[in-house]
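Listed below are the residues making up each chain.
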Amino acid sequence: MDDKFISKLSPTVDFWAGIYLVIIAILSILGNVAVLVSAAHRFALLKAPELLTVNLALTDIGMALTMYPLSIASAFNHAWIGGDTTCLYYGLMGMIFSITSIVTLAVMGMVRYLVTGSPPKTGIKFQRRTISIAISGIWLYAILWALFPLLGWGSYGPEPFGLACSIDWTGYGESLNHSTFIMTLSVLCTFLPCLVVLFTYFGIAWKLHRAYQSIQSNDFQYGSVEKRITLMAVMISSGFFMAWTPYVAVSFWSMFHSKEQSRMTPFVTLLPCLFAKSSTVYNPFIYLIFQRSSQHKLWRLLRLIFCCSYQANSSAEGGKLEGNVVRDSDCSIFGTGTDETCVGLMGAPSSQSGSEMMTLG
């Protein structure tokens, strides 16, 4: 096996890195599946800008399913599995999903800026078709950049610690081909989207500041909702940047320092890579935490489970319920039956509709 694919870490570090990635993969899949299931269940009610959050969940779960298994297996193997072929595959998937994520966040910021009104003017209303076209453009843009190294502009290569592959950052000073690709990629796929996110959210903050100055007491709820939605988007974007900033910093350090000049140990280069992968975990949890309806859906689910369990137990005793009747339709979580018959068992249902949702729209 080529020495560049042999792990530069100790077997113990490889083992615990593999365990960490297993945990990250499980949490990422569960969290993002929850977001996708929630979106699928209320697809007809989704606002157009909310499709961007769904797209972000797709990129996160795509990364977890296509990349993490190979990293986990390589960590436990103490060497990269598959050589150059899987290295190209891993780098390609990493480019597609990471660029899609950061550009989605930039578009999300622009959409939030445009839909946030500045009284007395209202914000722009986006149609699903417009957002769908934007999402398609994001994926095509990411795929184009991912294919450039395969077409001869730039290249993919193993990370310094030997258990992952990405853009060959160390080739920056080796040829004009590598240096032009890395610099263009950095500007158009990293710095520019970051600037868009920063400027749009500063613009949103200014709009909300002006709105709060002129807002009337009876419109306070509107301002509160806008603040909550914007805070959710800011937290998702901030989390992404905090996760990826150390990795970008180490990558740029590698660009301007040769392997002989760089004093970073393989373990130091491993940590930012592991930290960056955590971005696929907390995005869905931030999204779900900011959805008030998730709490009510959970409460309704518990009531239904209790009712159906009580029904089953009572049926075994002759089908009699003392002062309460539970219909079969109430045992369908997504059915059309009401859960009013559970009132006597679990208390009054929430006054808020289960379809109420804090979205990015």
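Residues numbered from 1 in each chain as written. Predicted model: local features only at pLDDT ≥ 70, side-chain atom pairs only at ≥ 80, totals over all residues. Heavy atoms only, no water.

### Some remarks on the overall build of the protein chain
Alright, step 1. A count of helical and extended segments in the protein chain gives 11 helices and two strands.
Alright, step 2. Seen in sequence order, the protein chain has helices and strands lined up from the N terminus as α-α-α-α-α-β-β-α-α-α-α-α-α.
Alright, step 3. The burial tally for the protein chain puts 46% of its 361 residues in the buried class.
Alright, step 4. A separation threshold of at least 6 residues defines the contact pool for the protein chain, and within that pool the share at least 24 residues apart is 78%.
Alright, step 5. Only carbon and sulfur atoms are counted for the fraction: they give 68% of the accessible area of the protein chain, which is about 18,200 Å². (Helix = DSSP H or I, 4+ residues; strand = E, 2+ residues; numbered from the N terminus. Buried < 20%, exposed > 50% of the residue type's maximum accessible area, 1.4 Å probe, protein only. Contact = heavy atoms within 4.5 Å. Areas by Shrake-Rupley, 256 points an atom, 1.4 Å probe, with all protein chains shown as cover.)

### Quick word on the UniProt feature "transmembrane region" (unreviewed entry) in the protein chain
Alright, step 1. Mapped onto the present numbering, the UniProt feature "transmembrane region" (unreviewed entry) falls at residues 15-39, 51-76, 88-111, 131-153, 181-208, 229-247 and 267-290.
Alright, step 2. Helix makes up 96% of residues 51-76 and strand 0%. Its end C-alpha atoms lie 37 Å apart.
Alright, step 3. Across residues 131-153, helical content stands at 74% and strand content at 0%; the span's end C-alpha atoms are separated by 31 Å. (UniProt positions renumbered as here; feature names shortened; annotations may be inferred.)

### Details of the packing of helix 2 (residues 50-66) against helix 5 (residues 128-147)
Alright, step 1. Between helix 2 and helix 5, the shortest axis-to-axis distance is 10 Å and the interhelical angle comes to 30°. It follows that helix 2 is roughly parallel to helix 5 by the angle criterion. In the packing of helix 2 onto helix 5, the handedness of the crossing is right-handed. For the pair helix 2 and helix 5, contact is made by Leu51, Leu52, Asn55 and Thr59 and by Arg128, Ile131, Ser132, Ile135 and Trp139, respectively.
Alright, step 2. When grouped by side-chain class, the residues that make up the contact of helix 2 with helix 5 number five nonpolar, three polar and one charged. (Axes fitted to C-alpha atoms, helices over the stretch in contact; angles between N-to-C directions. Parallel < 35°, antiparallel > 145°, perpendicular 65-115°, else oblique. Left-handed = near helix turned anticlockwise from the far one by under 90°. Nonpolar A, V, L, I, M, F, W, Y, C, P; charged D, E, K, R; others polar.)

### Here we look at the environment of Tyr20
Alright, step 1. Along the chain, Tyr20 turns up in helix 1 (residues 11-41).
Alright, step 2. Residue Tyr20 is classed as partly exposed on the basis of its relative accessible area, which comes to 29%.
Alright, step 3. For the pair formed by Tyr20 and Ser278, sequence separation is 258 residues and the distance between their alpha carbons is 9.8 Å.

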